[in-house]
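Structural overview for review
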Amino acid sequence: MPIVTGLTKSLLAAAMLMTLAACNTTEMAAVEEPAAAPMTGKTDDPAPGFETVSVGTEEDFILNVGRRTYFTQDSSALDSVAKATLDKQATWLNSNPRWLVKLQGFSDDSGSASKMEALSQKRADAVMAYLVSKGVDPNRLWAKGYGNDREVRDCTERSCKVQNRRVVTNLRTERDDES
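Report follows, based on the coordinates. Treat the numbers as computed from the prediction; the structure is a model and nothing was measured.

Moving on: the side chain of Asp60. As for its position among the elements, Asp60 is in helix H3 (residues 58–64). Buried charge without a partner: Asp60 forms no salt bridge, and the closest opposite charge is Arg98, 9.1 Å away. Side-chain polar atoms of Asp60 contact the side chain of Asn64, separated by 2.7 Å.

Once that is clear, we can look at helix H5 (residues 113–133). For H5, spanning 21 residues, the distance from its first C-alpha to its last is 30 Å, which sits close to the expected 30 Å at 1.5 Å a residue. Residues of H5 that are buried in the fold lie against strand E1 (68–70), helix H4 (80–95), strand E2 (100–105), strand E3 (141–145) and strand E4 (166–172). Downstream of H5 by a residue or two, Gly135 has a phi angle that is positive, lying close to 100°.

Along the chain, Asp125 turns up in helix H5. Judged by relative accessible area, Asp125 falls into the partly exposed class, the value being 34%.

So, on to the packing of aromatic side chains. What characterises a pair of aromatic rings is the spacing of the ring centres plus the angle enclosed by the ring planes. Enumeration over the complete set of coordinates arrives at two aromatic pairs. Residues Phe61 and Trp92 carry aromatic rings whose centres are separated by 4.9 Å and whose planes lie at 55° to one another, so their mutual orientation is tilted. With Phe61 in helix H3 and Trp92 in helix H4, the pair connects residues that are 31 residues apart, well separated along the chain. With 5.5 Å between their ring centres and 20° between their planes, Phe106 and Tyr146 make a pair best called stacked. Of this pair, Phe106 sits in the loop between E2 and H5 while Tyr146 sits in the loop between E3 and helix H6 (158–161), placing them 40 residues apart in sequence. A residue is classified by how much of its surface remains accessible, and Phe106, at 4% relative accessible area, is buried. In this structure, Lys144 packs its charged tip against the face of Tyr146, placed 5.8 Å from the ring centre. Across the ring face of Phe106, the terminal group of Arg166 is positioned such that the distance to the ring centre comes to 4.0 Å.

Evaluated as defined, the whole model comprises five salt bridges. Linked through salt bridges whose partners overlap, the residues forming this network are Lys102, Arg172 and Asp176.

This part is about the environment of Val162. The topology assignment puts Val162 in the loop between H6 and E4. Of the residues examined, Val162 reaches a relative accessible area of 30% and is grouped as partly exposed. Remark: the alpha-carbon pair of Val162 and Tyr70, spanning 92 residues in sequence, is separated by 7.2 Å. With near-sequence residues (within four places) excluded, Val162 lies in contact with Tyr70 and Phe71.

Reading guide: rules and limits
Residues numbered from 1 in each chain as written. Predicted model: local features only at pLDDT ≥ 70, side-chain atom pairs only at ≥ 80, totals over all residues. Heavy atoms only, no water. Helix = DSSP H or I, 4+ residues; strand = E, 2+ residues; numbered from the N terminus. Buried < 20%, exposed > 50% of the residue type's maximum accessible area, 1.4 Å probe, protein only. Lys, Arg positive; Asp, Glu negative; His and termini not counted. Salt bridge = Lys/Arg side-chain N within 4 Å of Asp/Glu carboxyl O. Polar contact = N/O pair within 3.5 Å; in protein donor to acceptor, adjacent residues only side chain to side chain. Expected span 1.5 Å × (residues − 1). Contact = heavy atoms within 4.5 Å. Phe/Tyr/Trp six-rings, centres within 6.5 Å; stacked < 30°, edge-to-face > 60°. Lys NZ or Arg CZ within 6 Å of the ring centre and 35° of its normal.

Written out as structure tokens, the structure reads:
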């Protein structure tokens, strides 16, 4: 059996590397994954992985309309930003009447549990009334206030607490048992 020299080992290693390099993983990925949608550079380009979201789906609602409405501390009043979000929601919901809507109200921890639960219910009710005023059938809607039981984040900073003062518009195909 011939002795393999250091030079021969190096040549064999180089040949193996060249053989492996010929296997192009980019070509394999093209077969396994569809090509990404071309980006136009506009702000409304779809997020990667969401290029094929169908109109009228829950994903369409979440990504293209927005399902959260925010409030100032101790208030259930709708400001201009909240109304702009709800205007988009109403337009979408009126175009997609198959969906039922559960409005879930939440609060931060700036008061007693009973006060925060009542406030979160007022927020959910305010969102429901606004959507109805924009033509959404009230029979498709129901509202529930949860107080601060389901905080997005437990925090003390003002910029963080605002995330907890919200109503989330959740699409449903049927009413759930919880009012």
